[in-house]
Amino acid sequence: MSNKSPLFVAGHDSTLLEDVKARIRDVPDFPKPGILFKDVTPVLADPHLFGRVVNAMAAPFQGRHITRVVGVEARGFLLGAPISLALHTGFVPARKPGKLPYKTVTERYALEYGDDGLQLHEDAVGRGDRVLIVDDLLATGGTAEATARLVAKLGGEVVGFSFLISLDFLPGRERLGREKVCSLLSY
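So, here's what we can say about the structure. (Residues numbered from 1 in each chain as written. Predicted model: local features only at pLDDT ≥ 70, side-chain atom pairs only at ≥ 80, totals over all residues. Heavy atoms only, no water.)

**Let's talk about the sheet that holds strand E9 (residues 181-186)**
So, step 1. Pairing within the open sheet is parallel, and its five strands lie in the order E4-E3-E7-E8-E9. With partners counted over all chains shown, the strands left at the sheet margins are strand E4 (90-94) and E9, one partner each. Taking the axes of each pair of neighbouring strands and ignoring which way they run, one obtains an average angle of 20° across the sheet.
So, step 2. In this sheet, strand E8 (residues 157-166) lies alongside strand E7 (residues 130-138) in parallel orientation, the contact comprising eight bridges. When the sheet's bridge partners are listed, Leu-137 is paired in E8 with Ile-165. (Pairing = 2+ DSSP bridges. Helix = DSSP H or I, 4+ residues; strand = E, 2+ residues; numbered from the N terminus. Axes fitted to C-alpha atoms, helices over the stretch in contact; angles between N-to-C directions.)

Dropping the structure here:
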């Protein structure tokens, strides 16, 4: 939860941000030259730290009557599933086309190097569902925005977005609505 977010909750875990920053690994030129990839797998490998991260990412949405957590492929699954347990709600995977076994709805979106798509099962979110969208990293916001459009197609309401990391030098927060975005770390 970035200090820039109106949903920031400091909590009692005073060393969490420093502990997470110390574990995130920077990988230069991945997945392509010029990109500095923020690798969160060392955070996930530490069960105590991982649990603290899940609790912190869920905290701003406690009491907000969330009925579904949608995790975006693939690292959003790793964070979204335990966040859904923390919020006592169901988990929904947003997957790349062709990966879900049942009837789906699809949303296409543009990337800086082409286009892609996401799908949800057509019965994964229903009218009146209050949805939290979870992913590891917010950059330009295109993937999260496409996920929000899928939720809306199915009649759900996006209550907010929870990210482990936000790259605030990119336009993701503005694209999604700054008031709906929480991130634990901001760069």
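On we go.
**Notes on the pairing of E4**
So, step 1. In this structure, strand E3 (residues 68-72) lies alongside E4, joined through five bridges in parallel fashion. From the neighbouring strand, Arg-68 faces E4, where its bridge partner is Gly-90.
So, step 2. Traced from E3 through helix H4 (residues 75-86) to E4, the parallel crossover comes out right-handed. (Right-handed = clockwise from strand over helix to strand, strands pointing away.)

**Digging into the pattern of salt bridges**
So, step 1. With the rule as written, the count across this model stands at 16 salt bridges.
So, step 2. A salt bridge links Asp-39 to Arg-25; its shortest N-O distance comes to 2.9 Å. Pair noted here: Asp-39 is in strand E2 (residues 36-39) and Arg-25 is in strand E1 (residues 25-28), with a separation of 14 residues, a long-range link.
So, step 3. Look at Arg-25 and you get partly exposed, because its relative accessible area is 43%. (Salt bridge = Lys/Arg side-chain N within 4 Å of Asp/Glu carboxyl O. Buried < 20%, exposed > 50% of the residue type's maximum accessible area, 1.4 Å probe, protein only.)

**Quick notes on the packing of helix H1 (residues 16-23) against helix H3 (residues 47-58)**
So, step 1. Put simply, H1 and H3 touch, their axes get as near as 11 Å, and they point 125° apart. Here H3 runs oblique to H1, going by the angle between their axes. Considering how the two elements wind past one another, H1 and H3 form a crossing that is left-handed. For the pair H1 and H3, contact is made by Leu-16, Asp-19, Val-20 and Arg-23 and by Leu-49, Arg-52, Val-53 and Ala-56, respectively. (Parallel < 35°, antiparallel > 145°, perpendicular 65-115°, else oblique. Left-handed = near helix turned anticlockwise from the far one by under 90°. Contact = heavy atoms within 4.5 Å.)

**Remarks on the side chain of Ser-166**
So, step 1. Position of Ser-166 relative to the elements: it lies in strand E8.
So, step 2. What Ser-166 contacts, discounting residues up to four positions off in sequence, is Leu-138, Arg-173, Ser-183, Leu-185, Ser-186 and Tyr-187.

**What to know about the side chain of Ser-162**
So, step 1. Relative to the helices and strands, Ser-162 is located in strand E8.
So, step 2. Judged by relative accessible area, which is 1%, Ser-162 ranks as buried.
So, step 3. Of the polar contacts made by the side chain of Ser-162, one reaches the backbone oxygen of Met-57; its length is 3.1 Å.
So, step 4. Non-local contacts of Ser-162, meaning those with residues more than four positions away in its chain, are made with Met-57, Phe-61, Leu-132, Ile-133, Val-134, Asp-135 and Cys-182. (Polar contact = N/O pair within 3.5 Å; in protein donor to acceptor, adjacent residues only side chain to side chain.)

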